[in-house]
Amino acid sequence: MDAAEEAEESARQVVESRPVHLAARAGLAAYGVMHLLVAWLAARVAAGGRGERADQVGALQVLAGEPLGLWLLWLVVAAFAAVVVWRLSQVIWGFRYLTDRAKRTQERLFSACQVVVFIAFAVLAARVATGSTGGSGGQGPTAALLRVPGGRWLVVAVGIGFVVTGVAMAYRGSRRMFVEDLDLREATPLARVLTERFGQVGYVAKGIAITAIGVLIGLAALYYQPARAEGLDVALKTLAAQPFGPLLLGGVALGLASYGVFCFFEARYHRI
């Protein structure tokens, strides 16, 4: 075994160690808590509140306001970092239990996207912990991109990417494709049913929310309205302003809460 192979084997031993696996499961559980907080904030918007941010920043700020909140945020950062390490290992070595090569490649691409997502959330949690969130009032990264030459079409591409991601996530949920990533052999019949139902509802609701973000980003590019390109908070508040909006937003909030609960089942049963 040469030096490169030894280094690879050492890296695999680290990422497959029990502490990393436990930290990754903690990260999935923290992801669930964040979705439950976003759902609660969205429900408050549906009930008429407008002052709070109904997005991941708002959720992390709620957590920061609790006793020992800053310590909890740094634990979230560490847990999200562990998810990044685990997902990265899946990109490189994972899904060998799948015999279909195309399916294995698809799952590795999904894990690559999750690496990006959890890096972003780890950085976001760290910024909230240090008090440097920013990105409001039309000053977010997408809005900034909209102001550069040729940025409009790049933003349109970003919006299309969000729409495709949202539709794919809703489809993944409706077809219960997420079950393939879970090891439910030791789950009770009730736990199996709850995992599948919360996952279905949660995936579809989150897919709808991501699709709404993509539509707003696209409209922001087409009509040059940077303030509309700010993500989940604007998307949910825009939905609340529509006819029957509070009712629709309440449904989305329930769906996001379902996804949050599903994350706890995922933390327990996901193949890690």
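Residues numbered from 1 in each chain as written. Predicted model: local features only at pLDDT ≥ 70, side-chain atom pairs only at ≥ 80, totals over all residues. Heavy atoms only, no water.

## Points about the packing of helix H2 (residues 18–46) against helix H3 (residues 56–64)
What counts is decided by this rule: Angles shown run from 0 to 180 degrees and are taken between the N-to-C directions of axes, each axis being a line fitted to C-alpha atoms and, for helices, limited to the stretch in contact. Under the DSSP-based scheme used, a helix requires at least four consecutive residues in state H or I and a strand at least two consecutive residues in state E, with every element numbered from the N terminus. Note on terminology: angles under 35 degrees are roughly parallel, angles over 145 are roughly antiparallel, angles of 65 to 115 are roughly perpendicular, and the others are oblique. By the convention used here, residues are in contact when the closest approach between their heavy atoms is within 4.5 Å. Polarity classes work like this: nonpolar for Ala, Val, Leu, Ile, Met, Phe, Trp, Tyr, Cys and Pro, charged for Asp, Glu, Lys and Arg, and polar for all others, with Gly in that last group.
Contact geometry for H2 and H3: axes closest at 8 Å, N-to-C directions at 105°. On the basis of their axis angle, the class for H2 and H3 is roughly perpendicular. Within the contact between the two elements, H2 uses Met34, Leu37, Val38, Trp40 and Leu41 and H3 uses Gln56, Gly58, Ala59, Leu60, Val62 and Leu63. The residue makeup of the contact of H2 with H3, split by class, is nine nonpolar, two polar and no charged.

## Comments concerning the confidence of the model for the chain
What counts is decided by this rule: In predicted models, pLDDT denotes the confidence assigned by the predictor to each residue on a 0 to 100 scale.
On average, residues of the chain carry a pLDDT of 84, and 87% of them reach 70 or more. Helix H6 (residues 141–146) is the least confidently modelled element of the chain, averaging 67 in pLDDT, while helix H10 (residues 245–269) averages 92, the highest of any element.

## Quick notes on H2
We apply this condition: Any helix carries an expected span of 1.5 Å times its number of residues minus one.
The end-to-end C-alpha distance of H2, which contains 29 residues, comes to 42 Å, matching closely the 42 Å that a straight helix rising 1.5 Å per residue would cover. One or two steps after H2, the chain reaches Gly48, where phi turns positive at roughly 115°.

## Details of the nonpolar core
Where a protein is soluble and globular, its nonpolar side chains tend to be buried together. For the record, the criterion: Nonpolar cores were defined as sets of buried Ala, Val, Leu, Ile, Met, Phe, Trp, Tyr and Cys residues, with membership established by side-chain atoms within 4.5 Å. Three labels apply to residues, based on accessible area from a 1.4 Å probe with only protein chains included: buried if under 20% of the type maximum, exposed if over 50%, partly exposed otherwise in between.
Ranked by internal contacts, the top residues of the largest apolar core, which has 64 residues, are Tyr31 and Phe80. Broken down by secondary-structure element, the contributors of at least two residues to this core are H2, H3, helix H4 (69–93), helix H5 (101–129), helix H7 (151–174), helix H8 (189–223), helix H9 (232–240) and H10. In terms of residues, this core owes the most to one element, H2, which gives twelve residues. In contact with Phe80, other than residues within four places in its own chain, are Gly27, Ala30, Tyr31, Met34, Phe118, Phe121 and Ala122.

## With respect to the pattern of salt bridges
In plain terms, the rule: Basic side-chain nitrogens of Lys or Arg form a salt bridge, by our definition, when they fall within 4 Å of a carboxyl oxygen of Asp or Glu.
In the structure shown here, the tally under the stated rule is eight salt bridges. Between Arg268 and Glu186 there is a salt bridge whose closest N-O contact spans 3.8 Å. Taken together, the positions of Arg268 in helix H10 and Glu186 in the loop between H7 and H8 put the pair 82 residues apart, joining distant regions of the chain. A relative accessible area of 70% places Glu186 in the exposed class. One continuous salt-bridge network, built from bridges that share partners, spans Lys103, Glu107, Arg172, Glu180 and Asp181.

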